[in-house]
Amino acid sequence: MKKMFFRILPLLLVGSLVGNCIYTELRSPGLAANMTQYVMNSDDYQIIGPVETQGEYVSWFLLVLTGETGYSDLLKQAREKGGDDIINYRFELRQKSILLVVWNRVIWNASALAIKYKDKIKK
């Protein structure tokens, strides 16, 4: 009986650890920038409007990576609208993975406000 217990115990431990990691699906807000390098007031910029984008980040065995262009996509859209920068950007993440390192897929939605700096702050 004791011998059987020591054979089954490692299998139960590994099964309980790996069983919860085989497939996961997580949805959460991404990190938000809570710090600025200088203080601006509403006289320093003009709000152009909201910009939004979405994309996907996929990794296989942590070696093959695709995606990851969220911030640059938001900035590109802001510049297409005539803006100079973005503020108040926010990311929402949905993650699915198999064994955490075999396959990992993150689908993200990003939004921000496009702004145009006024002449006095550009100097």
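Along each chain, numbering runs from 1 in the same order as the chain's sequence is written. For this predicted model, a pLDDT threshold of at least 70 governs which residues receive local features, and a threshold of 80 or more governs which side-chain atom pairs are given and counted, while totals over whole chains, interfaces and linings are taken from all residues. Hydrogens are left out, water is left out, and the side-chain values use all remaining heavy atoms of the structure.

(A) The overall build of the protein chain, seen in detail. If you tally the helices and strands in the protein chain, you get 3 helices and 5 strands. Going from N to C terminus, the protein chain has its helices and strands arranged as α-β-β-β-α-β-β-α. Type-normalised accessible area, obtained with a 1.4 Å probe on protein chains alone, sets the label of each residue: buried when under 20%, exposed when over 50%, and partly exposed for intermediate values. A total of 123 residues make up the protein chain; the buried ones form 24% of that total. If you take every contact in the protein chain between residues at least 6 apart in sequence, the share linking residues at least 24 apart comes to 70%. In DSSP terms, a helix is any run of H or I states spanning at least four residues, a strand is any run of E spanning at least two, and both are numbered starting from the N terminus. Here a residue-residue contact requires only that any non-hydrogen atoms of the pair lie within 4.5 Å.

(B) The arrangement of the packing of aromatic side chains in detail. In this scheme Phe, Tyr and Trp rings, the latter by its six-membered ring, pair at centre separations within 6.5 Å, and the angle between planes marks the pair as stacked below 30 degrees, edge-to-face above 60, and tilted otherwise. Applying the stated criterion across every chain yields a total of 4 aromatic pairs. Between Y71 and Y89 the ring centres are 5.2 Å apart and the planes differ by 75°, which places this aromatic pair in the edge-to-face class. With a gap of 18 residues between them, Y71 in helix α2 (residues 70-80) and Y89 in strand β4 (residues 85-98) connect regions that are remote in the sequence. The class for Y71 is partly exposed, based on a relative accessible area of 37%.

(C) Quick look at the pattern of salt bridges. Criterion for a salt bridge: a side-chain nitrogen of Lys or Arg within 4 Å of a carboxyl oxygen of Asp or Glu. Tallying each qualifying case throughout the model produces 2 salt bridges. Across the salt bridge formed by E56 and R105, the nearest N and O atoms sit 2.7 Å from each other. Here R105 lies in strand β5 (residues 103-117) and E56 lies in strand β2 (residues 45-60), a separation of 49 residues in the sequence. You can call E56 partly exposed: its relative accessible area is 37%. The residue D84 makes a salt bridge to K116 at a minimum N-O spacing of 3.9 Å. Of this pair, D84 sits in the loop between α2 and β4 while K116 sits in strand β5, and the two are 32 residues apart along the sequence. Since its relative accessible area comes to 24%, D84 is described here as partly exposed. A relative accessible area of 31% means that K116 is categorised as partly exposed.

(D) Geometry of the pairing of β5. Note: two strands are recorded as paired if DSSP finds a minimum of 2 bridges between them. As paired elements, β2 and β5 share 15 bridges and run antiparallel to each other. In the strand pairing of β5, V58 is matched with R105. Bridge count for β4 against β5 is 12 bridges, and the pairing is antiparallel. Counterpart to D85 in the pairing with β5 is I115.

(E) Looking closely at unusual backbone geometry. One non-glycine residue, N88, lies in the positive phi region at around 55°. Its place among the elements puts N88 in strand β4. Given the relative accessible area of 59%, N88 is considered exposed.

(F) Here's a closer look at the side chain of D85. The topology assignment puts D85 in strand β4. Positive charges are assigned to Lys and Arg, negative charges to Asp and Glu, while His and the chain termini are left out of the count. R79 is the oppositely charged side chain nearest to the buried, salt-bridge-free D85, at an N-O distance of 5.9 Å. Within 3.5 Å is the distance limit for a polar contact, defined as a pair of N or O atoms, with the added protein rule that one can donate a hydrogen and the other accept it, and that residues adjacent in sequence qualify only through two side-chain atoms. Within the structure, the side chain of D85 is placed 2.8 Å from the side chain of Y117, a separation counted as a polar contact. Each residue touching D85, except ones within four places of it in the same chain, is listed here: Y71, L75, A78, L113, A114, I115 and Y117.

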